[in-house]
Structures are given as C-alpha cells and as structure tokens.
Amino acid sequence: MTVFLLRRLVQAVPIVLGIATLVFFLLALAPGDAVSFLVSPNITPEALEQIRRNMGLDQPVHIRYLRWMGSMLTGDFGISLTRNEPVRDIILAILPNTLTLSLSAILLAFAGGILIGVFQAVRHNRLADSALSVIGLFFYSMPSFWLALMLILVFSLGARNLWEWPIWFPASGMTSVDYPFMSPGEQIRDRLAHLVLPSLSLALVLAAGIARYMRASMLEVIRQDYVRTARSKGLSEFRVIARHALPNGLIPIVTLLGLYLPTFFSGAVLIETVFAWPGMGRLVVDAIFQRDYPVVMAGTFIFAVLVVIGNLVADALYAIVDPRIRYE
C-alpha cells in the first residue's frame with residue numbers, strides 16, 4: 001500500500017500545480033489590482049505607475065507567473081500586497097484555525113451520520129426510521145450558511161433576548177474578549193464554546209447525507225447470508241451489527257470522505273464569514289476583494305494540498321476497513 005500511496009502522491013503534484021496555474025491566470029484576467037484598493041484616487045498617474053513597478057505588477061503576466069511559481073516551489077509564497085507581511089507567516093498563523101473548525105466538523109458529521117444511519121437500518125420501516133428520515137431530509141436540503149444564521153438566532157440572540165438564558169455558545173470569533181485573563185481550564189472551555197455553532201453549521205448538513213448513505217449501505221449488508229449465519233450462531237444483535245455488518249457497511253462511507261473534504265473546506269469559507277472566524281476562508285475572501293494575488297494563490301494552493309491529502313487518507317482507509325482490498 002505504501003507504493004500505491006506514493007504513486008498517488010506523485011500523480012497529485014501536477015493536479016495541484018494545474019489548479020494553482022488556473023487560479024493565477026483567472027486572477028490576472030480580473031479587472032483592477034491591489035494598487036487600486038490601496039492608493040488615494042487623487043494620486044498622480046506617475047506615482048501610481050511607480051507603486052505598480054515596486055510591487056512587480058508592471059511585468060507581463062507570464063513573467064509574473066514564472067517568478068511566482070519558482071518562489072512557490074521553494075516554499076516562498078511572496079509578500080502580501082496589502083499587509084506587507086510574508087504570506088507564509090500569515091498562513092501559518094491562521095491555518096490551525098481552519099483545520100480546527102474543519103476537522104471538528106468532519107468528526108461530528110461522520111460520527112453522527114454513521115450512528116444515525118446504523119440506527120435507521122436496524123429500525124427499518126419503523127417510526128424512528130421515518131422520523132429521522134424526515135429530519136435528515138430537512139437538514140440535507142438547507143444551505144450551511146442559512147443554518148448558521150438560524151443557530152445564531154436560536155442559541156445566541158434568542159437565548160439572550162427572548163428567553164433570557166445565558167449565552168453558552170457565542171456567535172462570533174474564536175475566543176472571548178477576556179480570554180487572556182482566563183485560567184487554562186477556562187480558556188479551553190471558552191474555545192470549545194466558540195467552536196460549537198460553527199462546527200455544527202458545517203456538520204449537520206453533511207451528517208444528514210452521510211446518514212442516508214449509511215442507512216442504504218447497512219440495509220444491503222444486513223440482508224447478506226453471512227449476517228444471517230452470524231445470527232443463527234446465537235450471537236447478540238449488537239455483536240452481529242458491530243462485528244460483521246458495520247465494517248462492510250462503512251466501505252461506501254470511506255468514499256464519501258474523499259468527496260466531502262472539498263465541501264468542508266469550501267463551506268468553511270462561508271461559515272468563517274458568518275461567525276467572524278479568523279481562518280483561511282475569510283483570509284482568501286478578503287484577499288480576493290483586495291486583489292492580493294500572493295495571498296489568494298497561497299490559500300488556493302493550501303486548500304488543494306489539503307484535499308489531496310484527504311483523498312490519500314480515504315484510499316488508506318479502504319484497506320483498513322476492508323482487508324480484501326490490496327494495492328500492491
């Protein structure tokens with residue numbers, strides 16, 4: 001399997017570089033540049049041209065592309081045109097915030113979706129199955145940003161203004177204002193409280209879809225002969241489901257992991273904006289509006305690398321879930 005994963009990793013390199021190249025030229029075709037957002041409208045054309053020359057924006061697009069690609073391959077993403085800081089330092093400072101949000105949402109979505117799907121399959125055609133199907137369809141059909149706004153209205157604004165409850169789940173930011181003055185235990189609780197609503201906004205929508213796939217997969221598995229044989233041996237229903245049916249029912253869900261990872265990272269852009277979460281999504285959106293090309297390119301490159309890594313993890317999980325799969 002190691003040889004297979006290394007081969008897939010090598011194949012992913014031109015894909016990532018192709019994505020970065022496409023984004024670079026699309027940004028180059030966009031009207032305006034970073035200088036238009038930084039200078040005064042009363043500046044003289046000569047001074048404006050000098051600023052563009054200092055930033056390297058007066059060069060032809062292919063020259064700028066080759067310079068950027070050469071720097072990127074050495075790990076240098078350049079200098080932010082608006083912040084005047086190394087892009088690498090900016091990303092290293094906020095990338096853990098996005099990974100925290102995305103990974104927590106992934107764990108919630110897959111753990112909740114798998115458990116609900118298994119429960120529905122075991123209670124097939126019963127009231128609980130029908131009720132969970134309706135609830136799942138409700139969440140599956142709504143946009144994540146709309147769900148985020150509803151969660152804020154109910155658990156943050158509504159809790160304070162309508163029911164006069166304490167605000168357990170803050171609606172913006174990663175930490176409270178008095179975070180630096182808290183004890184270590186209070187700081188952990190404060191970060192977790194800020195994480196609940198953003199991660200739920202991402203996880204609930206996708207958990208509903210995962211539950212539907214898991215239910216269909218488990219219904220097919222529990223009708224197989226080896227499951228009937230396990231029951232005929234006198235094994236408990238829990239052991240039959242957990243030991244014999246669940247590992248085979250998880251195989252399609254592993255596929256969803258690779259397919260849903262881009263959704264988690266792209267959805268995080270909207271969620272980070274709604275909750276004022278200081279992550280990669282907000283950084284890239286702000287950089288697009290400001291025409292900060294180095295930041296946009298670096299953010300796109302990082303997102304592409306994360307998606308490739310997620311697909312490699314999904315391939316490795318195939319062999320763990322199903323021992324029959326061999327890549328060598």
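Everything numeric here is computed off the predicted structure, so don't read it as measured data.

Below, the discussion takes up helix α4 (residues 61–73). Compared with the 18 Å implied by 1.5 Å per residue over 13 residues, the 18 Å span of α4 between its first and last C-alpha is a close match. Glycine 75, located one to two residues past α4, shows a positive phi value of around 85 degrees.

Orientation of helix α6 (residues 127–140) relative to helix α8 (residues 184–221), taken along the N-to-C sense of each, is 135 degrees, at an axis distance of 8 Å. Comparing the axis directions of α6 and α8 gives the class oblique. The crossing of α6 and α8 is left-handed. Along the contact surface, α6 presents Asp129, Ser133, Gly136, Leu137, Phe139 and Tyr140, while α8 presents Leu204, Val205, Ala208, Gly209, Arg212 and Arg215. In the contact of α6 with α8, the residues fall into 6 nonpolar, 3 polar and 3 charged.

In this model, asparagine 84 sits at a positive phi of 55 degrees, which is unusual for a non-glycine residue. Among the structural elements, asparagine 84 can be located in the loop between α4 and α5 (87–122). For asparagine 84, a relative accessible area of 65% puts it in the exposed group. Even without glycine at this site, alanine 276 takes up a positive phi of about 50 degrees. Along the chain, the position of alanine 276 falls in the loop between α11 (251–274) and α12 (280–289). The exposure class assigned to alanine 276 is partly exposed, which follows from its relative accessible area of 31%.

The next subject is the environment of glycine 78. Take glycine 78: it is sitting in the loop between α4 and α5. Taking the relative accessible area as the measure of exposure, glycine 78 reaches 22% and is therefore partly exposed. Taking the C-alpha atoms as reference points, glycine 78 and proline 294, 216 residues apart in sequence, are found 6.1 Å from one another. In this structure, glycine 78 is in contact with Glu85, Pro86 and Val87, ignoring residues within four places of it in sequence.

Counting residues in hydrophobic clusters, the biggest one holds 47 residues, and the most contacted among them are Phe110, Met218 and Phe264. Residue contributions to this core peak at 12 residues, all from α8. Setting aside anything within four residues of it in sequence, one finds phenylalanine 110 in contact with Ile210, Ile253, Leu256, Leu257, Tyr260 and Phe264.

So, about the pattern of salt bridges. All chains considered together, the criterion is met by 3 salt bridges. One salt bridge connects aspartate 129 with arginine 215, and the closest N-O pair in it is separated by 3.0 Å. Of this pair, aspartate 129 sits in helix α6 while arginine 215 sits in helix α8, and the two are 86 residues apart along the sequence. A relative accessible area of 3% means that aspartate 129 is categorised as buried. For arginine 215, a relative accessible area of 21% corresponds to the partly exposed category. With a closest N to O distance of 2.9 Å, arginine 231 and glutamate 237 form a salt bridge. You can call arginine 231 partly exposed: its relative accessible area is 33%.

This part covers the packing of aromatic side chains. Tallied over the full model, the rule gives 5 aromatic pairs. Ring geometry for phenylalanine 25 versus tyrosine 65: centroids 5.2 Å apart, planes at 40 degrees, classification tilted. In this pair, phenylalanine 25 is assigned in helix α1 (residues 2–29) and tyrosine 65 in helix α4, connecting sequence segments 40 residues apart. Among the residues examined, tyrosine 65 registers a relative accessible area of 15% and is labelled buried. Ring centres 5.4 Å apart and planes at 75 degrees place the aromatic pair phenylalanine 138 and phenylalanine 139 in the edge-to-face group. Taken together through their ring pairs, the aromatic side chains of Phe24, Phe25 and Tyr65 make up a single cluster.

Cut-offs used in this document
- Residues numbered from 1 in each chain as written.
- Predicted model: local features only at pLDDT ≥ 70, side-chain atom pairs only at ≥ 80, totals over all residues.
- Heavy atoms only, no water.
- Helix = DSSP H or I, 4+ residues; strand = E, 2+ residues; numbered from the N terminus.
- Expected span 1.5 Å × (residues − 1).
- Axes fitted to C-alpha atoms, helices over the stretch in contact; angles between N-to-C directions.
- Parallel < 35°, antiparallel > 145°, perpendicular 65-115°, else oblique.
- Left-handed = near helix turned anticlockwise from the far one by under 90°.
- Contact = heavy atoms within 4.5 Å.
- Nonpolar A, V, L, I, M, F, W, Y, C, P; charged D, E, K, R; others polar.
- Buried < 20%, exposed > 50% of the residue type's maximum accessible area, 1.4 Å probe, protein only.
- Core = buried A, V, L, I, M, F, W, Y, C linked by side-chain atoms within 4.5 Å.
- Salt bridge = Lys/Arg side-chain N within 4 Å of Asp/Glu carboxyl O.
- Phe/Tyr/Trp six-rings, centres within 6.5 Å; stacked < 30°, edge-to-face > 60°.

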